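Listed below, chain by chain, are the residues.
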Amino acid sequence: MKKKLIFTGVLWCVLLALALWLLNALFLPKYMSEIPEGALIAEYYDETADHDVVFIGDCEVYENFSPDVLWREYGITSYIRGSAQQLIWQSYYLMEETLKYETPKVMVFNVLSMQYGEPQSEAYNRLNLDGMRLSPQKLAAVQASMTEEESMLSYLFPLLRYHTRWDELTQEDVEYLFHRDQVSDSGYLMNVEVRPAENVPEGKPLANYQFADICYDYLDKMVELCQAHGVELVLVKAPSLYPYWYEEWEAQMEDYAAAHDLQYVNCLEVIDEAGLDFSTDTYDHGLHLNLYGAEKLARWFGAWLTEHCPQVADRRRQAPYESIWAEKSAIYAQRKIQLEAAWAAEQKEDTTE
Amino acid sequence: MKRKLSALALALGLVLSLAACGSGGDAPAGGSSTDPQQNTQTGGEAAAFTFVPADGKEVAVNADMADVLAQLGAEQSYFEAESCAFEGLDKTYTYPGFVITTRPDGENDYVNSIRLTDDTVSTQEGVYIGSSEAEVITAYGESTSDTEGLLTYTAGDVILSFLLEDGVVTSIEYFPA
């Protein structure tokens, strides 16, 4: 009798847990047809081989560098662990988490997030953190990122946050209950649209140009973490024209890189050398590069990596990379064709209206 | 069996009702109310600080930009920036002597900041780019700001800030409190 009671109790607990797990999966936003940026972080866990270069940072990495070009033209295996408005502590914990899975030769960190010294918004936190697997790094990232209204519990049990979506659920929530489509190419979020950069405003004067201490603390931690794992940390500033990158910020990054013996590349200074043309190579007036710009920048950066980071090897004709990247390149090429066709159709529609 | 099913339903209901108490507002992603900027106040009491361009037309922070455009006419130059990931454009309208930025909220855009860029315009109280710190304090009193080189004043739902370099105003901006 006692055994039966225990069995029944356990069974009901399992059923309850299963029901909650299913509800959690149902209510969690899927980020497939809308806001694909929310799907980027989780896609990394589907990777089957390691990478020599891992990019970490905000939209300035996942929109501006094409890993496919790095592979095809230099044999560099790379992945972008980027997400929208990724804050520096989120980058740090993603870096730490990445090192649990692999030890790249180079970590490339985009420094734009040095401007944010405190949590910004829950909406962006969710895009950056919900996709992380449960780990000490995720818990630490959540703890560091939460705004006043957020709770750790809602990140552990997203149903607590998303149950109000009950009247927004669509067919997509059922279709992607147990799987997701791949929205990126090795973390790169492709966009082929063209919207020239015009009238980009100068930065407005600031009362204080000094980056916050907490940002330097996390940058120090990145340096230490990479040193401990024998990984070279490279700092970059992507060539986005907006938000404005102040001279005072640039000086701080140059000083920091020099003081810590790091290589730092401000891609705003190599726009011409990389062949970037902001009348054709941006999809949103200079904030982000489109595919054509991201390919040009990757071409330039691949050459830079080859010259300045000789530990990054050419993996072409090496197993398993050759076959893995052949498949990745095919998906990339197919996506490019589809997006270009959609963009051409949209333009045609606009001209006929 | 029926009793057990009821117990399960009760347990689920309890969890969900607790969940309902656990957080307020709409889901932050996957829906339409995701733009972090949409939480910014757009209404509220009338702004005490307003900007009056040289031609006597008034621009207020939080005003509907459509109304402002109707008053001011076409801008000298225009720039729009899409928020990363979320829908909605942050827009920048440049006029001679000042720049207006907007934030989206629903179908409309609202004035998010007004920044004076040269000495051809001034605040209603007569402070302009190039005024001295003493002139600012004479016009507005002691500032509550504890940041060096920055004087700020709040009236209603608007902050008026003055950046100073070597005791001279180099930037003037109105933005929401």
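Up top is the structure.
Residues numbered from 1 in each chain as written. Chains lettered and ligands numbered in written order. Predicted model: local features only at pLDDT ≥ 70, side-chain atom pairs only at ≥ 80, totals over all residues.

**Q** Where do I start with the overall build of chain B in this structure?
**A** A count of helical and extended segments in chain B gives 3 helices and 7 strands. Taken from N to C terminus, the helices and strands of chain B fall in the order α-α-β-β-β-β-α-β-β-β. Evaluated residue by residue, chain B yields a buried proportion of 33% over its 177 residues. The long-range fraction of contacts in chain B, counting pairs at least 24 apart against all pairs at least 6 apart in sequence, stands at 46%. (Helix = DSSP H or I, 4+ residues; strand = E, 2+ residues; numbered from the N terminus. Buried ≥ 20, exposed ≤ 12 C-beta atoms within 10 Å, placed from the backbone. Contact = placed C-beta atoms within 7 Å.)

**Q** For this particular structure, what's the right way to read the sheet that holds strand 4 (residues 108-116) of chain B?
**A** The strands making up a sheet associate through hydrogen bonds between their backbones, and the pairing can be parallel or antiparallel. All names here are of chain B. In spatial order, the strands read 1-2-3-4-7-6-5; together these 7 strands make up an open sheet with antiparallel pairing. With partners counted over all chains shown, the strands left at the sheet margins are strand 1 (77-82) and strand 5 (150-155), one partner each. Neighbour-to-neighbour, the strand axes of this sheet turn through a mean angle of 20°, independent of strand direction. Contacts from helix 2 (residues 65-72) reach strand 2 (89-95), strand 3 (98-105) and strand 4, with the element oriented near 55° to strand 4. (Pairing = 2+ DSSP bridges. Axes fitted to C-alpha atoms, helices over the stretch in contact; angles between N-to-C directions.)

**Q** Can you help me understand the nonpolar core in this one?
**A** Across soluble globular proteins, nonpolar side chains have a tendency to be buried as a group. If you look at the biggest cluster of nonpolar residues, it comprises 79 residues, and the most contacted ones within it are Phe-65, Met-107, Val-108 and Leu-297 of chain A. The element best represented in this core is helix 13 (residues 291-308) of chain A, accounting for 7 residues. Here Phe-65 of chain A is in contact with Phe-55, Ile-80, Tyr-188, Ala-294, Leu-297, Ala-298 and Phe-301 of chain A, once residues within four sequence places are set aside. Judged by nonpolar contacts, the second largest core, of 28 residues, contains Phe-51, Val-59, Val-61 and Ile-114 of chain B. (Core = buried A, V, L, I, M, F, W, Y, C linked by C-beta atoms within 7 Å.)

**Q** How should unusual backbone geometry be read in this particular structure?
**A** Among all residues save glycine, negative phi is the norm, and among peptide bonds the norm is trans. A cis geometry characterises the amide bond from Tyr-242 of chain A onward to Pro-243 of chain A, with omega recorded as 0°. Within the secondary structure layout, Pro-243 of chain A lies in the loop between strand 4 (232-237) and helix 12 (247-259). Looking along the chain, the bond that leaves Ala-319 of chain A and enters Pro-320 of chain A is cis, with omega of 0°. Along the chain, the position of Pro-320 of chain A falls in the loop between helix 13 and helix 14 (321-352). In this structure, Asn-199 of chain A takes a positive phi of about 55° despite not being glycine. As for its position among the elements, Asn-199 of chain A is in the loop between helix 10 (171-175) and helix 11 (213-228). Backbone geometry at Asp-166 of chain B places phi at a positive 55°, although glycine is not the residue there. Along the chain, Asp-166 of chain B falls in the loop between strand 6 (158-165) and strand 7 (168-176).

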